[in-house]
Protein chains: 2
Amino acid sequence: MPAGHVWAGQAGARLGSTMKNNATPLGPKADKLTVRRHNLSLVLRTVHDAGEVTRAGIATRVGLTRAAVSSLVEQLLEYGFVTESGKTSSGQAGRPGTVLEVARTGPAGLGVDINVDYVAVCVVDLSGTDRVRLVEHVDNRGVQPSQVLTRAARLAARALGSAAEQGLQPAGARVAVPGLVSGGTVRQAPNLGWKRVAVEGLFAQALSALRPARPALPVSSDNEANAAALAELWYGAGTEGVRSFLYVSGEIGIGGALVLNGELLRGAHGFAGEIGHVVVDPEGPLCRCGARGCLEQYAGQAALLEAAGIDTDTDVPGVAELRRRAQRGDGAALAVLEGAGRQLGVALSGAVNLFDPDAVMLGGVYRQLVQWLAPAVDRELARRVVSGLWSEDRSRLRAASPLGDAARGAAGVVVREVLADPAAYAERAGR
Amino acid sequence: MPAGHVWAGQAGARLGSTMKNNATPLGPKADKLTVRRHNLSLVLRTVHDAGEVTRAGIATRVGLTRAAVSSLVEQLLEYGFVTESGKTSSGQAGRPGTVLEVARTGPAGLGVDINVDYVAVCVVDLSGTDRVRLVEHVDNRGVQPSQVLTRAARLAARALGSAAEQGLQPAGARVAVPGLVSGGTVRQAPNLGWKRVAVEGLFAQALSALRPARPALPVSSDNEANAAALAELWYGAGTEGVRSFLYVSGEIGIGGALVLNGELLRGAHGFAGEIGHVVVDPEGPLCRCGARGCLEQYAGQAALLEAAGIDTDTDVPGVAELRRRAQRGDGAALAVLEGAGRQLGVALSGAVNLFDPDAVMLGGVYRQLVQWLAPAVDRELARRVVSGLWSEDRSRLRAASPLGDAARGAAGVVVREVLADPAAYAERAGR
């Protein structure tokens, strides 16, 4: 619809706002089945967002008749997407209504987070609650991608087993990787040593081999920081009203993602957010990406531990060791964190000048180090952000929520696909 | 509509796409007047986007009946928003139809661009054509904001006179300034020396004083690079399909704006795109913004001319002089441009890594210098953009279109507001 596109930028925003985000019942021009599919999703999402709501409450919110809402709710009950909680609620008028909520069994999402030093899987139910969570600490560097994905598939198969025991049937799996991901392929993940890896195909194959009798699970993929930022949006700071933020994830390297007005900015090719490769010093040390002086050479986990003289072969305890040293006031450790904070602050101030977010969330290993990094980061932001907003309000720099991990975000994407078209899930599940 | 917001990011995009951008007739739930207003805009925008189209063609595109379209077209003809071109067109079936196009008289927009070394005004008609264009070269530094705005209002009044002679009646004026603009105020424009200037009020007052007998023109305001980027989107590279780009405007300082999928990214507070204040060297020279080592200290017009030893008090001829020297192979001039290109390339590679655009457009004075800047910029982008896309395709770095200036973009915003709600314009104009 090229004609429509022109209107998104400026003037259309006002009139268009009521139409956006799929939150309006479709008109009579769409065919009846499309309308019903759309409205099924609308009602289900209304229950999801409200937490608890009556049929009358839904009718008021979405602007459909009570009869139409009742018929849609019947179908959602039959499919098992919503349940009656047993409670009743008396609204402003009329009889008390039965309270509805989304089902805690049935549809779910499986998220898989493959990082350099761990693999994590998470199963999230329709309400967004994480019902299964498994983490395996393991060094994935120098290991064949197919082996790493087989390892991840084994963990996923175990999680699917636990999910099944709880009556959950994931609609799909989404694999997050710290690298450039597009079209089902990891274009490159320098810290894993991956180049052009068909991550979706390899993972699906490995998982199918472990579950020969089951139907294959649809597999999608994403960048790890994107998935973590979505988790932050849906389950972390976003639930407190932070709708525009820069998410920076300290890992072996540094991942990043941009969320603006509740939407993840993926960029034209899906590669946005790579703050780890913003230049800090054009003549600096060579980065695994091939360029020189990238931020992650100064403030990534590997760089931090090396500067502090901590053995990087055992890197997860390494961060704990750096934290312990900082806690007992070790001057060298404090200097390393101060220096990394300064470089991080310089790069972040550029990103804030470009993107103008409400907040910067420090995730990954930075969560454990934030108290020593934050003063230097704050100082650079206050000094360098041209709007001055960042000198007025130091609470803009925040530790990421522990609830906002990449596996949960990836699982959340699968769940949201179910909520966006419950009929499609029901058809596939043969209901 | 907080419930709906959650859906914009991920899963909702698919189903939501048909609903976005205000391009669908409203359903029966909206009240009748709202529906008619909306559909009037829909039909008008369809004529605008098509250039020439019959009533039958409109009906096919928007999914309304021919009778409904005819009634809406009658009203648009009566209001003077569209005209019958006199041509007929035979479609695939039925009688030949009369060809409609947007009117070249009546509604228009006035754009005003206040820069450090010039003021420009532009009147754009409903079709997007610039019908009046006036530029005054003048040094606005060290001059009271109210004086600068009075100067701009005089130029605007002259442009409004010429517009009236052509039968054009601008619906409003939009003033673009190279600084941080929000809520009708220029928060700061360091290169103009402005701080907290109520630009809309001052300009409206000055213009009203010059046109005492006329009704006051509504005045809005924007950042200059934002306005130029919108002009690039609507009248320049955007018309050739470049929908995601970073716009960098070389002026006394450096302005910037981000367009993603045909939408300008304004950021959470309206301050996005400030690439001029991305850090190139944390310990570098002091910038007018108060920080050190900002890009504009290395690659802004003032920095370029100073490095080349060209008198910066006569800055517009200064750029022409730098260009002349480069053309005749002056080693010092070439070295200055090469160095600035390198710094620009380093900062741009960070922005590209963060934002992943399809293209970078070099605007402002960079348009005249692009052949000497581009090799170094390209080299840094090829080396530092982590996706590798920028080493594969050197055509991603482009000179901005000469059609894409800030005054025209600002005027275009006003025109698009008319197109988004023609009934509101007609009511104000007393039709």
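*Asks:* Can you explain the overall build of chain A? Please cite residues and give values.
*Replies:* When its secondary structure is counted, chain A shows 16 helices and 15 strands. Its C-alpha atoms give chain A a radius of gyration of 23 Å, near enough to 22 Å, the size a compact globule of 431 residues would have. When the 431 residues of chain A are sorted by exposure, 61% land in the buried category. Residue pairs in contact within chain A that sit at least 24 positions apart in sequence constitute 62% of those at least 6 positions apart. Surface exposure of chain A reaches about 16,200 Å², of which carbon and sulfur atoms provide 49%. In chain A, 45 side chains carry a positive charge and 42 a negative one; their mean positions are 5 Å apart.

*Asks:* An account of the sheet that holds strand 12 (residues 254–260) of chain A is requested, with residue identities and associated values reported.
*Replies:* All names here are of chain A. As summarised here, the arrangement of the 5 strands in space is 13-12-11-14-15, forming an open sheet in which the pairing is mixed. Edge positions in the open sheet fall to strand 13 (263–264) and strand 15 (397–399), since each of these has one partner strand only. Sheet topology note: the strand 11 (residues 245–250)/strand 14 (residues 359–364) ladder contains 6 bridges and is parallel. Each bridged residue has a counterpart across the sheet, and for Phe245 the counterpart in strand 14 is Ala359.

*Asks:* Outline the environment of A:Val123, supporting the account with residue identities and numerical values.
*Replies:* All names here are of chain A. Within the element layout of this structure, Val123 appears in strand 4 (residues 118–125). What makes Val123 buried here is its relative accessible area of 0%. Sequence-wise, Val123 and Ala163 are 40 residues apart; in three dimensions their C-alpha atoms are separated by 7.0 Å. Aside from chain neighbours lying at most four places away, what touches Val123 is Ala108, Gly109, Leu110, Thr129, Asp130, Arg131, Val132, Ala159, Ala163, Leu168 and Pro170.

*Asks:* Got a sec to walk through the packing of aromatic side chains? Specific residues and values, please.
*Replies:* A full pass over the atoms with the stated rule returns 6 aromatic pairs over all chains. An aromatic cluster is defined as three or more aromatic residues linked by ring pairs; in this entry it consists of A:Tyr79, A:Phe81 and A:Tyr425. The ring of B:Trp390 is capped by B:Arg396, whose NZ or CZ atom sits 5.7 Å from the centre of that ring. Against the face of B:Trp234 rests B:Arg416, its NZ or CZ located 4.2 Å from the ring centre.

*Asks:* I'd like to hear about the environment of A:Arg383, residue by residue, with values.
*Replies:* Relative to the helices and strands, A:Arg383 resides in helix 13 (residues 366–384). C-alpha of A:Arg383 to C-alpha of A:Asp393: the two residues are 10 residues apart in sequence and 12 Å apart in space.

*Asks:* Which residues make up the side chain of B:Asn353, and what values do they have?
*Replies:* Within the secondary structure layout, B:Asn353 lies in helix 12 (residues 331–355). The exposure class of B:Asn353 is buried, given its relative accessible area of 2%. B:Asn353 has contacts with A:Phe271, A:Ala272, A:Gly273, A:Glu274, A:His277, B:Arg384, B:Val385 and B:Val386, leaving out every residue within four places of it along the chain.

*Asks:* Kindly report on helix 6 (residues 145–165) of chain A, identifying the contributing residues and their values.
*Replies:* Residues and elements named next belong to chain A. Between its terminal C-alpha atoms helix 6 stretches 30 Å, which fits the 30 Å expected from 21 residues at 1.5 Å a residue. All of the buried residues in helix 6 are Pro145, Val148, Leu149, Arg151, Ala152, Ala153, Leu155, Ala156, Ala157, Ala159, Leu160 and Ala163. Among the structural elements, strand 3 (106–114), strand 4, strand 5 (130–137), strand 6 (168–177), strand 9 (194–197) and helix 7 (199–210) are those in contact with the buried residues of helix 6. Directly after helix 6, the chain includes Gly167, whose backbone phi takes a positive value near 80°.

*Asks:* Quick rundown of the pattern of salt bridges? Include the residues and the values.
*Replies:* Residues and elements named next belong to chain A. Inspection of every chain in the model, using the stated rule, returns 39 salt bridges over all chains. The partner of Arg266 in a salt bridge is Asp222, with the nearest N and O atoms 2.8 Å apart. Separated by 44 residues along the polypeptide, Arg266 in the loop between strand 13 and helix 9 (296–299) and Asp222 in strand 10 (residues 219–223) bring together distant segments of the chain. Look at Arg266 and you get partly exposed, because its relative accessible area is 26%. Judged by its relative accessible area of 4%, Asp222 falls in the buried class. Across the salt bridge formed by Glu380 and Arg384, the nearest N and O atoms sit 2.7 Å from each other.

*Asks:* Tell me about the environment of B:Ser395, and name the residues and values.
*Replies:* Residues and elements named next belong to chain B. With respect to the helices, strands and loops of the structure, Ser395 is situated in the loop between helix 14 (389–392) and strand 15 (397–399). In sequence terms Ser395 and Asp358 are 37 residues apart; their C-alpha atoms lie 9.9 Å from each other. In terms of polar contacts, Ser395 uses its side chain to reach the side chain of Asp393, at 2.6 Å.

*Asks:* Please set out the sheet that holds strand 6 (residues 168–177) of chain B residue by residue, giving values where relevant.
*Replies:* All names here are of chain B. Reading across from one edge, 5-4-3-6-10 is the order of the 5 strands in this open sheet, with mixed pairing throughout. Because the sheet does not close on itself, it has two edges, and the strands there are strand 5 (130–137) and strand 10 (219–223). Across the sheet, the mean angle from the axis of one strand to that of its neighbour is 20°, orientation sign disregarded. As judged from the 5 bridges shared by strand 6 and strand 10, these two strands associate in the parallel manner. Considered in strand 10, the bridge of Val177 is made with Asn223. Packing against the sheet, helix 15 (residues 406–420) makes contact with strand 3 (106–114), strand 4 (118–125), strand 5 and strand 6, and its axis sits at approximately 145° to strand 3.

*Asks:* An account of the domain arrangement of chain A is needed here, citing residue identities and associated values.
*Replies:* Residues and elements named next belong to chain A. Per the domain assignment, the segments of chain A are domain 1 (2–102), domain 2 (106–226 + 407–428) and domain 3 (241–400). Contact with domain 1, which involves 11 residues of that partner, is made by 14 residues of domain 2. Across the domain 1 to domain 2 interface the summed buried area is about 1,000 Å²; carbon plus sulfur atoms make up 69%. Contact with domain 2 buries surface across domain 1, with Arg37, His48 and Phe81 losing the most and accounting together for 54% of the total. Across the domain 1-domain 2 interface, the total number found is 2 salt bridges. Glu427 serves as the salt-bridge partner of Arg37, at 3.4 Å between the closest nitrogen and oxygen. Sorting the residues of the side of domain 1 that touches domain 2 by element identifies helix 3 (32–50) and helix 5 (66–79) as the ones contributing at least two each. No other element matches helix 3, which puts 6 residues into the side of domain 1 that touches domain 2.

Cut-offs applied
- Within each chain, residue numbers correspond to sequence positions counted from 1 in written order.
- The naming scheme follows written order: chains are lettered A onward, ligands numbered 1 onward.
- A pLDDT threshold of at least 70 governs which residues receive local features in this predicted model, and a stricter bar of 80 or more applies before side-chain atom pairs are shown or counted, although totals over entire chains, interfaces and linings include all residues.
- Each side-chain value is derived from all of the structure's non-hydrogen atoms; neither hydrogens nor water enter the calculation.
- Labels follow the DSSP assignment, with helices taken as runs of H or I lasting at least four residues and strands as runs of E lasting at least two, numbered in each case from the N terminus.
- Here the globule rule is a power law, 2.2 Å times the number of residues to the power 0.38, and the radius of gyration is based on C-alpha atoms.
- A simple rule labels every residue: compare its accessible area, found with a 1.4 Å probe on the protein chains alone, to the largest value its type can have, and call it buried under 20%, exposed over 50%, or partly exposed in between.
- Residues count as neighbours in contact if any of their non-hydrogen atoms are within 4.5 Å of one another.
- The method behind every accessible area is Shrake-Rupley, applied with a 1.4 Å probe, and residues are considered shielded solely by the protein chains displayed.
- Charge convention: Lys and Arg are scored as positive, Asp and Glu as negative, and His as well as the terminal groups of each chain are ignored.
- Note on charges: their place is set at NZ of Lys, CZ of Arg, CG of Asp or CD of Glu.
- At least two DSSP bridges between two strands are needed for those strands to be called paired.
- Ring pairs are drawn from Phe, Tyr and Trp, using the six-membered ring of Trp, whenever the two centres fall within 6.5 Å, and their geometry is named by plane angle: stacked under 30 degrees, edge-to-face over 60, tilted for the rest.
- Our definition puts a charge over a ring when NZ of Lys or CZ of Arg is within 6 Å of the ring centre and also within 35 degrees of the ring normal.
- To estimate how far a helix should reach, multiply one less than its number of residues by 1.5 Å.
- Between Lys or Arg on one side and Asp or Glu on the other, a salt bridge is scored when a side-chain nitrogen of the former is within 4 Å of a carboxyl oxygen of the latter.
- Side-chain atoms alone can form a polar contact between residues adjacent in sequence; in general such a contact is a pair of N or O atoms within 3.5 Å, and within protein one must be able to donate a hydrogen while the other accepts it.
- Angles run from 0 to 180 degrees between N-to-C directions of axes, and those axes are lines fitted to C-alpha atoms, restricted for helices to the stretch in contact.
- Where each domain starts and ends follows an automatic or database-derived domain assignment.
- Note on terms: buried area is the combined drop in 1.4 Å-probe accessible area of two parts once they are placed together, counting the loss on both.

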